[in-house]
There are 2 protein chains.
Amino acid sequence: MKNETKEKILQHGARLVYKKGFNHTGIGEILKAANVPKGSFYHYFHSKEDFGLKLLDHMAMWAAAVGASALSDKSVTPPERLINFFNAYETNFERMHFQGGCPVGNLCLEMSDQSELFREKLEKTLEQMRHGIANVLEEAVEAKEVSSDLSVKSMAHFIISAWQGTLLQTKVMKSKESIAVFKCIVFEQLLHKQQ
Amino acid sequence: MKNETKEKILQHGARLVYKKGFNHTGIGEILKAANVPKGSFYHYFHSKEDFGLKLLDHMAMWAAAVGASALSDKSVTPPERLINFFNAYETNFERMHFQGGCPVGNLCLEMSDQSELFREKLEKTLEQMRHGIANVLEEAVEAKEVSSDLSVKSMAHFIISAWQGTLLQTKVMKSKESIAVFKCIVFEQLLHKQQ
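What you see is a predicted model; the values in this text were computed from it and never measured.

Cut-offs applied
Every residue gets a number counted from 1 within its own chain, in the order that chain's sequence is written. In the order they appear in the text, chains get letters beginning with A and ligands get numbers beginning with 1. The predicted nature of this model means local features are confined to residues of pLDDT at least 70 and side-chain atom pairs, given and counted, to a pLDDT of 80 or more, with totals for whole chains, interfaces and linings taken over all residues. The basis for the side-chain values is all heavy atoms of the structure; hydrogens and waters are excluded. When the copies are overlaid, the least-squares fit takes in C-alpha atoms only where the residue has pLDDT of at least 70 in both copies. Any two residues whose heavy atoms approach within 4.5 Å at even a single point are treated as in contact. Joining two parts hides part of their accessible area as seen by a 1.4 Å probe, and the buried area is that hidden amount summed over both. By convention in these notes, a salt bridge is any Lys or Arg side-chain nitrogen within 4 Å of a carboxyl oxygen on Asp or Glu. Pairs of N or O atoms within 3.5 Å make up the polar contacts considered here, provided that, within protein, one atom can donate a hydrogen while the other can accept it, and that residues adjacent in sequence are counted only when both atoms are side-chain atoms. By the criteria applied, helices consist of DSSP H or I runs no shorter than four residues and strands consist of E runs no shorter than two, each listed in order from the N terminus. When residues are grouped by polarity, Ala, Val, Leu, Ile, Met, Phe, Trp, Tyr, Cys and Pro land in nonpolar, Asp, Glu, Lys and Arg in charged, and all others, Gly among them, in polar. Think of a nonpolar core as a cluster: buried Ala, Val, Leu, Ile, Met, Phe, Trp, Tyr and Cys residues, connected wherever their side-chain atoms sit within 4.5 Å. Only protein chains enter the accessibility calculation, which uses a 1.4 Å probe. A residue is then buried if its area is under 20% of the maximum for its type, exposed if over 50%, and partly exposed in between. A score from 0 to 100, pLDDT tells how confident the predictor is in each residue. Axis angles are defined between N-to-C directions and span 0 to 180 degrees, where every axis is a line fitted to C-alpha atoms and, for a helix, only to the segment in contact. The cut-offs work like this: below 35 degrees is roughly parallel, past 145 is roughly antiparallel, 65 to 115 is roughly perpendicular, and the gaps in between are oblique. The span you would expect from a helix comes to 1.5 Å times its residue count less one.

**Digging into the relation of the copies chain A and chain B**
After a rotation of 180° and a shift along the axis of 0.0 Å, chain A superposes on chain B with an RMSD of 0.0 Å. Given the turn and translation reported, the copies of this chain are related as if by a two-fold rotation axis. A shared interface surface links the copies, since 100% of the contact residues of chain A are contact residues in chain B too.

Structure representation (structure tokens):
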């Protein structure tokens, strides 16, 4: 029952913070949306920052879930897994009329300079994102399915940069144009198949 | 004198919004920092949104100024202009201990879903950024200094995505690693010289 209340606070918090940003979302507003009594908050969280850190875990899992099955689908080749991964986010983003963007990317720009604990957790979250891409790239290079004239770690790092910026431009432009450009250049020019 | 007061409000506003975000910065706080009487604000701006739109112009010019001279320096080749352009931002960002990031990028993620007027202005600002890069790329392709197997417009679009995401990761990681990866992959793999 206790965990259910905590989960409700995190779920409604995530929805509101995704829409309005962390600093601009009040605790009272979240508790009202979650229909939870005002006194409950400090029973589950030490402070707004502590809540924010747990919220970041929650939102990062939420974001990762969109592409997780595509990335681990061993029934297709590693390059196809990567394409399916980005396609899953594209479909999701389009369904939301290109609103919101990446919940983790939003918090990176909003919170990195405001809380060292937030920054450290965001750094780990970005590292996990890069790691997920690097693992698939590693398999693709081993299988000679993409060009091997690249450092897999650097390429994964660059792909996460390009993807975060693509989502930033898409959130502004409200069209698929930036995603189409991303897919074309990453898959046709950077990760061109060897044969 | 009137314009001087307006300019002071915009300058202090830009500094505070860059640090804390637009929604989290109060008008009273800006006027206090600018040492301007409280009644003055609505003399110069119709609303906080109107102020925000003028602030975006101010911050976009501020951001563009960092790289403007590198981008228009005809004494060096177009690819060198591009490298010097990104180096100028790198130096600036390093001097600020990797705090802040791109003032325009920050507002893209914060404001695109919250105000249609803001979104439209951000869209135009991103278009100008892409246009600046595309012009130099066009010259480089004509001079056969970079590979011509690319659409200049798409490449400029992609470079702005990659750069915005690079600044996002740099703001979190507080190191030059993402910028080094960006320069290596963009200049050595994407825009490789033809000979």
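So, next bit.
**Structural notes on the interface of chain A and chain B**
At the junction of the two partners, chain A supplies 46 residues and chain B supplies 46 residues. By the criterion of area lost to chain B, the three top residues of chain A are L109, F158 and V172 of chain A, representing 17% of everything that side buries. There are two salt bridges connecting chain A and chain B. Of the charged contacts, one joins D113 of chain B and K174 of chain A as a salt bridge, the two residues approaching to 2.4 Å between their closest N and O atoms. Put simply, chain A and chain B have 16 residue pairs in polar contact (both at pLDDT 80 or more) between them. Looking at the side of chain A that touches chain B, the elements with two or more residues in it are α1 (2-20), α6 (103-111), α7 (116-142), α8 (152-173) and α9 (177-190) of chain A. When residues in the side of chain A that touches chain B are grouped by element, the largest group, 16 residues, is from α8 of chain A. Classifying every residue of the side of chain A that touches chain B by side-chain character gives 18 nonpolar, 17 polar and eleven charged.

**A short note on the nonpolar core**
Of all hydrophobic cores here, the largest spans 128 residues; its most connected members are L191 of chain A together with L191 of chain B. Ignoring sequence-local partners within four residues, the contact set of L191 of chain B consists of L82, L137, V146, L150, M155, I159 and V186 of chain B.

**Things to note about the pattern of salt bridges**
Residues and elements named next belong to chain B. Overall, the coordinates contain 22 salt bridges over all chains when judged by the stated rule. Notably, a salt bridge pairs R119 with E123, separated by 2.9 Å at the nearest N-O pair. With R119 and E123 both in helix α7 (residues 116-142), this residue pair falls four residues apart, about one helical turn. Owing to a relative accessible area of 10%, R119 belongs among the buried residues under this scheme.

**Some remarks on the confidence of the model for chain A**
On average, chain A scores 94 in pLDDT, and the residues at 70 or more come to 97%. The ipTM, which scores confidence in the relative placement of chains, is 0.96 for this predicted complex, and the corresponding pTM is 0.96.

**Some remarks on the packing of helix α4 (residues 48-71) of chain B against α7 of chain B**
Residues and elements named next belong to chain B. Interhelical geometry of α4 versus α7 gives an angle of 10° and a closest axis separation of 10 Å. Here α7 runs roughly parallel to α4, going by the angle between their axes. Contacts between α4 and α7 pair E49, G52, L53, L56, D57, A60 and L71 from the former with L117, F118, K121, L122, T125, G132 and V136 from the latter. Here the contact of α4 with α7 is built from residues that sort into eight nonpolar, three polar and three charged.

**Digging into α8 of chain A**
Counted at 1.5 Å a residue, the expected span for α8 of chain A with its 22 residues is 32 Å, and the 31 Å between its end C-alpha atoms agrees. Of the residues one or two after α8 of chain A, K174 of chain A is the one with positive phi, at around 55°.

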